Each structure stands twice: as structure tokens, then as C-alpha cells.
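Residue-level listing of the chains:
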Amino acid sequence: MKTYRNTKTKGVFNFKIFKWNEKYLGICWETGDVQEGDSFDTVKNRLFNGTALILRTVIKSEENLLDSINTKPPFKYQVMYKMALLLSIIESFRNKKEDKAYFSFSQPIPSF
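Residue numbers here run from 1 along each chain, matching the order of that chain's written sequence. Given that this is a predicted model, residues contribute local features only at a pLDDT of at least 70 and side-chain atom pairs are listed and counted only at 80 or more, while totals for whole chains, interfaces and linings are drawn from all residues. Remark: hydrogens and water are excluded; side-chain values derive from all non-hydrogen atoms of the structure.

A. Region of the structure containing the overall build of the protein. Each helix is a run of H or I in the DSSP string that is no shorter than four residues. Each strand is a run of E no shorter than two, and both are numbered from the N terminus. The number of helices and strands found in the protein is three helices and four strands. What you see in the protein, going N to C, is helices and strands ordered as β-β-β-α-α-α-β. Dimensions along the principal axes, computed over C-alpha positions, put the protein at roughly 50 × 25 × 15 Å. Of the roughly 7,000 Å² of accessible surface on the protein, a fraction of 55% belongs to carbon and sulfur atoms. Placing the 18 positive and 12 negative side-chain charges of the protein at their respective mean positions leaves the two points 4 Å apart. For the accessible areas, the method is Shrake-Rupley and the probe is 1.4 Å, while residue cover comes only from the protein chains on display. Counted charges follow a simple rule, with Lys and Arg positive, Asp and Glu negative, and His plus the chain ends left uncounted. Charged side chains are reduced to one point each, which is NZ for Lys, CZ for Arg, CG for Asp and CD for Glu.

This is the structure in C-alpha cells:
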């Protein structure tokens, strides 16, 4: 039987949002969700809403959809996720702007 880090009742989602190529890129490690936008808040909202929707679907479903909250992003984004801090430093030197460049945070699974 397969064991899952995230279940319908417990677990954590990890997010990284960073500036890259004049845009913000956000990645959720556990769902594989990748979002891009012009602002940090736009990307954060898209990631949170998308992850919440996936989680609600998993919780309400009679089927075993736990793979949906225990997956990884495509390889390209796995690399970017792991190197997010370095990529945001490179981007900030390139643009010399004082704005949000890198955020990493975890969110426990909420109860709906």
C-alpha cells in the first residue's frame, strides 16, 4: 500500500514565489501547480485558490485522489523551485529594483 505525506486530514503545502524574467513565478511542490503573473499578490492568490480547489476535490471525492496532493511539478519547475532563491537574486541584480523578489512559505492543510 502506498503511503502519502499529505492526506485528506493532515499535511502541508509548500510554495515558492519568485521574480523571474520580469514576472512572478509561483510553484506549489505538493500539487505541481505553477502560476505566473505580473504581481506577487496575483500569483499568491492563484496558487492558494488552485491548491484549495484541488484539496476540496480530494476531500469530497469518494475516489482515492491523494496523488493529486502528493505530486511534484514538471522537472523544469522542480529545478527552478530548488534554485528559487538564487534565481531571484540574479533577477534583482539584473533589474536593480526594490520589490518583492522571493518568498517561500508552507501552509498546513486547512479544515473545510
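B. Helix 1 (residues 40-60), seen in detail. How far a helix is expected to stretch is found by multiplying one less than its residue total by 1.5 Å. Given a rise of 1.5 Å per residue, 21 residues ought to cover 30 Å, and the 30 Å separating the end C-alpha atoms of helix 1 matches this to within 8%. The buried label applies to any residue whose accessible area, calculated with a 1.4 Å probe on protein chains only, is under 20% of its type's maximum; exposed applies above 50%, and partly exposed to all values in between. Restricting attention to buried positions, one finds in helix 1 the residues F40, V43, L47, T51, A52, L55 and V58. The buried residues of helix 1 occupy one face: seen down the axis, they fall within an arc of 155°. Seen from the buried face of helix 1, the exposed residues on the opposite side, beyond 90 degrees, are N49, L53 and K60. What the arc measures is the spread of directions leading from the helix axis to the C-beta atoms.

C. Highlighting the packing of aromatic side chains. Under the pairing criterion, centres of Phe, Tyr and Trp rings, with the six-membered ring standing for Trp, must be within 6.5 Å; the plane angle then separates stacked pairs below 30 degrees from edge-to-face pairs above 60, leaving the rest tilted. In this structure the tally under the stated criterion is two aromatic pairs. When the centroid spacing of 5.1 Å and the interplanar angle of 55° are considered together, the rings of F15 and F48 count as tilted. Taken together, the residues span a long stretch of sequence, with F15 in strand 1 (residues 12-20) and F48 in helix 1 at a distance of 33 residues. Centroid distance W29 to Y81: 4.8 Å. Interplanar angle 40°. Geometry classified as tilted. A residue pair is termed long-range when its members are at least 10 positions apart, and W29 in the loop between strand 2 (23-28) and strand 3 (34-37) and Y81 in helix 2 (residues 75-82) qualify at 52 residues. You can call W29 buried: its relative accessible area is 13%.

D. Quick look at the confidence of the model for the protein. pLDDT measures how confident the predictor is about each residue, on a scale from 0 to 100. Predicted confidence across the protein gives a mean pLDDT of 86, with 90% of residues reaching 70 or more. When mean pLDDT is compared element by element in the protein, strand 3 scores highest at 96, while strand 4 (residues 102-108) scores lowest at 73.

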